[in-house]
Amino acid sequence: LIQVTCIGVLPGLEGSDKPLADAAASFLGSTGGKLIAAGAVISILGTLNVILFSGSRLPFAFSNEGQFPRLFSYIHPGYLTPTVSLLTVAAVSAIVSMAWSFLTALTMAVIMRVTVYLFVCASLIMLRKKMPRQTGYYRIRAGNIVAITGILLSLWLLSAAKFIELRNVIILLATGIIVYALQRKFKIAGNQE
């Protein structure tokens with residue numbers, strides 16, 4: 001509805017740097033445009049806050065499971081936050097935001113998220129075959145059909161990505177796999193000593 005309104009109100013939408021604010025300004029005046037721009041900034045800051053705090057939980061959880069260096073399990077004694085994990089995610093986010101454009105970073109995040117959805121759908125099919133008698137979890141009717149539909153939709157979405165974007169995602173995933181493999185190797189070597 002927002003997009004339909006913007007297209008209807010602002011004919012030159014594709015040339016605008018701030019389409020929502022410009023559309024609002026055309027029928028609410030400059031105050032309306034400023035209000036929409038302020039709302040967008042607040043929304044973006046909220047989203048970044050969520051990404052930073054939820055993103056820092058992933059290395060922390062991996063570390064607790066022994067799949068990431070133990071350093072990421074450090075919890076600040078006063079604030080009770082995963083400090084190393086939080087600072088690392090903040091540093092990586094800062095580097096990405098300075099090295100890439102917003103659109104590139106957004107595209108990479110979407111591709112990675114769709115890739116995760118694809119693997120989750122594929123895992124559902126594999127786990128149902130490996131553990132047919134497993135109980136105690138939520139089960140939906142026609143789960144394999146839902147999973148196959150999810151895989152096909154994910155592949156369709158990924159087909160729209162440019163080669164360079166897919167290459168960058170593969171590099172990031174390979175980096176993660178290398179970190180995991182090194183951690184696993186050193187953990188196994190440490191257990192044998």
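Residues numbered from 1 in each chain as written. Predicted model: local features only at pLDDT ≥ 70, side-chain atom pairs only at ≥ 80, totals over all residues. Heavy atoms only, no water.

Visitor: Tell me about the overall build of the chain, and name the residues and values.
Guide: Within the chain, the regular secondary structure consists of six helices and zero strands. The helix and strand sequence of the chain, counted from the amino end, reads α-α-α-α-α-α. Within the chain, the fraction of its 193 residues that count as buried is 21%. Put simply, of all contacts in the chain between residues at least 6 apart along the chain, 45% involve residues at least 24 apart. Here the chain has roughly 14500 Å² of accessible surface; of this, 71% comes from carbon and sulfur atoms. (Helix = DSSP H or I, 4+ residues; strand = E, 2+ residues; numbered from the N terminus. Buried < 20%, exposed > 50% of the residue type's maximum accessible area, 1.4 Å probe, protein only. Contact = heavy atoms within 4.5 Å. Areas by Shrake-Rupley, 256 points an atom, 1.4 Å probe, with all protein chains shown as cover.)

Visitor: Quick one: what's the story with the nonpolar core, residue by residue and with numbers?
Guide: Counting residues in hydrophobic clusters, the biggest one holds seven residues: M108, I111, V114, L118, L158, A161 and V169. Here this core takes four residues from helix α4 (residues 102-130), the largest share from any one element. Excluding its chain neighbours within four sequence positions, the residues that come into contact with A161 are I111 and L166. (Core = buried A, V, L, I, M, F, W, Y, C linked by side-chain atoms within 4.5 Å.)

Visitor: Got a sec to walk through helix α2 (residues 19-64)? Specific residues and values, please.
Guide: Think of an α-helix as 3.6 residues a turn; residues three or four steps apart then line up on the same face. For α2, with 46 residues, the first-to-last C-alpha span of 44 Å runs short of the 68 Å given by 1.5 Å per residue. Roughly 150° is the biggest bend found in α2, and it falls at L28. Along α2, the residues classified as buried are A21, A23, A24, G32, G33, S56, P59, F60 and S63. G66, located one to two residues past α2, shows a positive phi value of around 80°. (Expected span 1.5 Å × (residues − 1). Bend = angle between axes of the 7 residues up to and from the residue.)

Visitor: So what's going on with a nonpolar patch on the surface? Residues and values would help.
Guide: Taken together, the side chains of V41, I44, L45, L48 and I51 present a nonpolar region at the surface, about 470 Å² in accessible area. Position of I44 relative to the elements: it lies in helix α2. (Patch = residues over 30% accessible without salt bridge, like charges linked within 9 Å, V, L, I, M, F, W, Y side chains within 5 Å. Salt bridge = Lys/Arg side-chain N within 4 Å of Asp/Glu carboxyl O.)

Visitor: Can you lay out the packing of α2 against helix α3 (residues 83-99) for me, pointing to particular residues and giving the numbers?
Guide: Following both chains from N to C, one finds α2 and α3 inclined at 120°, their axes separated by 8 Å at the closest point. Overall, the two elements α2 and α3 adopt an arrangement that is oblique. When the axes of α2 and α3 are compared, the crossing they make is right-handed. Every residue of α3 that contacts α2 at L52, F53, G55, S56, P59 and F60 is listed here: S85, L86, V89 and A90. Partitioning the contact of α2 with α3 into residue classes produces seven nonpolar, three polar and no charged. (Axes fitted to C-alpha atoms, helices over the stretch in contact; angles between N-to-C directions. Parallel < 35°, antiparallel > 145°, perpendicular 65-115°, else oblique. Left-handed = near helix turned anticlockwise from the far one by under 90°. Nonpolar A, V, L, I, M, F, W, Y, C, P; charged D, E, K, R; others polar.)

Visitor: For helix α5 (residues 143-159), give the residues involved together with the corresponding values.
Guide: Helix length check: α5 (17 residues) gives 24 Å between terminal C-alpha atoms against 24 Å at 1.5 Å per residue, within 8%. All of the buried residues in α5 are G143, A147, G150, I151, S154 and L158. Around the axis of α5, the buried residues are gathered within 100° of arc, so they sit on the same side. In α5, the exposed positions that point more than 90 degrees away from the buried face belong to I145, L152, W156 and S159. (Arc of directions from axis to C-beta.)

Visitor: An account of the side chain of S56 is needed here, citing residue identities and associated values.
Guide: Here S56 lies in helix α2. At 2.9 Å, the side chain of S56 forms a polar contact with the backbone oxygen of F53. Residues in contact with S56, not counting those within four places in the same chain, are I51, P82, S85, L86 and V89. (Polar contact = N/O pair within 3.5 Å; in protein donor to acceptor, adjacent residues only side chain to side chain.)

Visitor: Describe the side chain of T115, with residues and values.
Guide: Relative to the assigned elements, T115 resides in helix α4. When its relative accessible area of 13% is taken as the criterion, T115 is described as buried. For T115, the contacting residues outside a window of four places in its chain are L158 and L173.

Visitor: I'd like to hear about the environment of G176, residue by residue, with values.
Guide: One can find G176 in helix α6 (residues 163-192). Judged by its relative accessible area of 37%, G176 is partly exposed.

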